[in-house]
Amino acid sequence: MTKFISIQEAIKKGTGNVSIRGWTYRERGSNNLKFVVLRDSSNIIQCVLKKEDFSKEWDEIDKIQVESSLELTGTLLKDPRAPTGYELKVKDFKIIGASDKYPITKDQSYDFLLEKRHLSIRTRRLAAIFKIRSSFIQHREQFFREKNFYRFDTPILQPTQSEGGSTVFEVKYYKDKMYLAQTWQLYAEAAIPSLERIYNFGPTFRAEKSKTTNHLSEFWMAEMEAAWFDLKDLTEFGKEELKYTIRKTVEERREEFKFLGQDPDKIIAMTKKEWPTIKYREALKMLKEKDNMDVPFGKDLRTIEEEKITSHFDVPVVVTHYPVEAMGFYKPRDPENTDEALCFDMLAPNGVEIIGGSVRSMDVEDMEERLKAEGEDPKNYEWYFDLRKYGGVPHAGYGIGTERVIAWICGLDNIKDAIAFPRTMTRYKP
Ligand code: 4AD
Ligand code: MG
């Protein structure tokens, strides 16, 4: 049996005979030669087939097109002109899967590539992004293992909204209706008295009516919840989690970051700096003094304001104490300033909110009032209020928008490239 090695392993080996397999990345032919650049998940390598060695099979070889899948055996040679510095002189070949004329060529519109996403995920750019995404998720798991957190999973089908009724997806559920999860949080809070420190990573749904480059209808939120945490514990933990996870990811995926035009050392240096925390009221002051923007206390920050604030920093910035009136029902009032909530957002240097979190309210009456103001029936949240009735303790948590972090560290123009099959208001196929 032939022993195949990856293209990356072949390049590392550099000499001798090897067998590799993969997909045709580029091909060009002449009367006597066929050049195939072969791609597998690890790298690409130039391969050459000579007519004099394959005169009987030449017709077949001549028909190899982009994306034909092949098994090739041959001798490796150093060749500085080849795209990855080596060339395989092919001695034996097998066509595994022929390819029709591949629809994806250079200079196609972004929309066309999205339409053909089932094919365009093969591009080296998207492969680099998905490798980075995979590493990010794996290192984050490691972070929580080291911190002695338990992974805790909650239902996707939920009977109530939790982050505002305007962005829920309704699902027909037998004779009833349910909603797709907007967050893990409310159910996670139920596990606080049994597990104390928990995290998860799961699909999250928002019927966003905005068509920005930062909004998905389905995304993967990376959440955590911890007993006894106050707002300071929470914001510092959030910084630590992201610094650790990003640093490990970049260390492992240097080549992929470089491929995407990102400087790995610059990102690592950013994870070693201090990430500031400011209050919402200070952010308003900064907007007034530095940007001449008058924002009255009481509104959530808009994109333009977030972009202005972050333009004054080269690292993520945590903004705390947003106005209660603009915040979800479970975000408690600061006892010292009851119009401010004990909550925070982390904004990345590109102006995008990457984390949202808060301390959790213990004041059932206040939550009931605020739910009513949102048009909800507090009765539907009785189980959630029970958590306060039977030995409630201070606790807090946050959620990271995985795709937003990936888009930021990879320098992507559009969040859609941080997920394999994006769902937005206007795009849900394939
Ligand atoms: O700020 P959000 O809405 O917070 C919550 O849902 C909390 N319940 C989380 C918690 O405390 N456990 O969402 C958290 C993060 C945002 O900061 C953003 O990064 C991301 O989720 N996010 C989105 N990402 C992509 N597309 C969307 N439509 C997003 N909505 C939120
Ligand atoms: Mg938010």
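Above this text is the structure in question.
Parameters at a glance
- Residues numbered from 1 in each chain as written.
- Chains lettered and ligands numbered in written order.
- Predicted model: local features only at pLDDT ≥ 70, side-chain atom pairs only at ≥ 80, totals over all residues.
- Heavy atoms only, no water.
- Helix = DSSP H or I, 4+ residues; strand = E, 2+ residues; numbered from the N terminus.
- Buried < 20%, exposed > 50% of the residue type's maximum accessible area, 1.4 Å probe, protein only.
- Axes fitted to C-alpha atoms, helices over the stretch in contact; angles between N-to-C directions.
- Parallel < 35°, antiparallel > 145°, perpendicular 65-115°, else oblique.
- Contact = heavy atoms within 4.5 Å.
- Nonpolar A, V, L, I, M, F, W, Y, C, P; charged D, E, K, R; others polar.
- Salt bridge = Lys/Arg side-chain N within 4 Å of Asp/Glu carboxyl O.
- Left-handed = near helix turned anticlockwise from the far one by under 90°.
- Near = heavy atom within 4 Å.
- Polar contact = N/O pair within 3.5 Å; in protein donor to acceptor, adjacent residues only side chain to side chain.
- Areas by Shrake-Rupley, 256 points an atom, 1.4 Å probe, with all protein chains shown as cover.
- Core = buried A, V, L, I, M, F, W, Y, C linked by side-chain atoms within 4.5 Å.
- Expected span 1.5 Å × (residues − 1).
- Arc of directions from axis to C-beta.
- Pairing = 2+ DSSP bridges.
- Phe/Tyr/Trp six-rings, centres within 6.5 Å; stacked < 30°, edge-to-face > 60°.

### Remarks on the environment of E369
Right, so step 1: Looking at the secondary structure, you find E369 in helix 13 (residues 364–373).
Right, so step 2: What makes E369 partly exposed here is its relative accessible area of 47%.
Right, so step 3: Taking the C-alpha atoms as reference points, E369 and S135, separated by 234 residues in sequence, lie 43 Å from one another.

### Focus on the packing of helix 11 (residues 280–291) against helix 12 (residues 303–310)
Right, so step 1: At a minimum axis distance of 10 Å, the contact between helix 11 and helix 12 shows a crossing angle of 75°. Our classification of the angle between helix 11 and helix 12 gives roughly perpendicular. Touching A283, M286, L287 and D291 of helix 11 are E305, K308 and I309, all from helix 12.
Right, so step 2: For the contact of helix 11 with helix 12, the class distribution of residues is 4 nonpolar, no polar and 3 charged.

### A short note on helix 15 (residues 402–410)
Right, so step 1: Most of helix 15 is tucked away: 9 of the 9 residues are buried.
Right, so step 2: The set of residues buried in helix 15 consists of T402, E403, R404, V405, I406, A407, W408, I409 and C410.

### A look at the pattern of salt bridges
Right, so step 1: The final tally for this structure, using the stated rule, is 31 salt bridges.
Right, so step 2: E252 is the salt-bridge partner of R253, the closest N and O atoms lying 3.3 Å from each other.
Right, so step 3: On the basis of relative accessibility, which here comes to 18%, the residue R253 falls in the buried class.
Right, so step 4: The closest approach of N and O atoms between D366 and R370, which form a salt bridge, is 3.0 Å. Of the two residues, D366 and R370 both sit in helix 13, 4 residues apart, roughly one turn of that helix. An identical accessibility class is assigned to D366 and R370; each is buried.

### Here's the deal with the packing of helix 8 (residues 231–252) against helix 10 (residues 264–271)
Right, so step 1: Between helix 8 and helix 10, the shortest axis-to-axis distance is 9 Å and the interhelical angle comes to 160°. Taken as axis vectors, helix 8 and helix 10 run roughly antiparallel relative to one another. For the crossing formed where helix 8 meets helix 10, the hand is left-handed. Taken together, the residues of helix 10 that come into contact with helix 8 (itself represented by K243, I246, R247, V250 and E251) are P264, I267, I268 and T271.
Right, so step 2: For the contact of helix 8 with helix 10, the per-class residue count stands at 5 nonpolar, 1 polar and 3 charged.

### Re the site of ligand 1
Right, so step 1: Of all residues adjacent to ligand 1, which total 24 residues, the nearest are E163, Q185, E223, E353 and R360.
Right, so step 2: R206 is positioned such that a nitrogen or oxygen atom in its side chain is 2.8 Å from an oxygen atom of ligand 1.
Right, so step 3: In the environment of ligand 1, a nitrogen atom lies 3.4 Å from a nitrogen or oxygen atom belonging to the backbone of Y398.
Right, so step 4: When ligand 1 is considered free in solution it has 620 Å² of accessible area, and contact with the protein chains removes 95% of it.
Right, so step 5: It is strand 17 (residues 353–359) that contributes the most residues to the shell around ligand 1, 5 residues altogether.

### A look at the nonpolar core
Right, so step 1: Membership of the largest hydrophobic core comes to 47 residues, with the highest contact counts inside it found for M224, L242 and I246.
Right, so step 2: If we skip the residues at most four places from it in the chain, I246 touches F136, I267, T271, V405, W408 and I409.
Right, so step 3: Among the nonpolar cores identified, the runner-up in size contains 22 residues, and A10, V18, V36 and L38 belong to it.

### Section: helix 11
Right, so step 1: Between its first and last C-alpha atoms helix 11 spans 15 Å; for 12 residues at 1.5 Å apiece the expected length is 16 Å, and the two agree.
Right, so step 2: Of all the positions in helix 11, only Y280, A283, L284, M286, L287 and D291 are classed as buried. One side of helix 11 holds all its buried residues, which, seen down the axis, span an arc of 160°. Opposite the buried face of helix 11, by more than 90 degrees, sit the exposed residues K285 and E289.
Right, so step 3: At its buried positions, helix 11 is contacted by strand 12 (277–279), helix 12 and strand 13 (317–320).
Right, so step 4: N292 sits one or two positions beyond helix 11 and adopts a positive phi of about 55°.

### Focus: the sheet that holds strand 4 (residues 69–78)
Right, so step 1: Reading around the circumference, 1-2-3-5-4 is the order of the 5 strands in this closed barrel, with mixed pairing throughout. The sheet shows a mean angle of 50° between the axes of neighbouring strands, taken without regard to direction.
Right, so step 2: Taken together, the 3 bridges between strand 3 (residues 44–50) and strand 5 (residues 86–97) define a ladder with parallel strand orientation. Looking at strand 5, one finds that C47 is bridged to L88.

### Things to note about the sheet that holds strand 17
Right, so step 1: Spatial strand order, 6-10-11-18-17-16-13-12: 8 strands in an open sheet with mixed pairing. The two strands at the open ends of the sheet, each matched to only one other strand, are strand 6 (150–151) and strand 12.
Right, so step 2: Of the strand pairs in this sheet, strand 13 and strand 16 (residues 343–347) are connected by 4 bridges, and their pairing is antiparallel. Residue V318 lies in a different strand from strand 16, and its bridge partner there is M346.
Right, so step 3: Set on the sheet, helix 5 (residues 124–146) makes contact with strand 6, strand 10 (197–205) and strand 11 (218–227); between it and strand 10 the angle comes to about 155°.
Right, so step 4: The sheet contacts of helix 8 involve strand 11, strand 12, strand 13, strand 16, strand 17 and strand 18 (395–401), and relative to strand 18 the element is tilted by about 30°.

### A look at the packing of aromatic side chains
Right, so step 1: Under the definition given, this model contains 20 aromatic pairs.
Right, so step 2: A ring pair is formed by F329 and Y381, whose centres lie 5.5 Å apart and whose planes are at 65°; its orientation type is edge-to-face. On the criterion of sequence distance, the pair formed by F329 in the loop between strand 13 and strand 14 (333–334) and Y381 in the loop between helix 13 and helix 14 (382–389) is long-range, its members being 52 residues apart. A single burial state applies to F329 and to Y381, both of which are buried.
Right, so step 3: Chaining the aromatic ring pairs together yields one cluster made of F143, F144, F149, Y199, F229, F237 and Y244.

Just distances and angles here, no functional claims.
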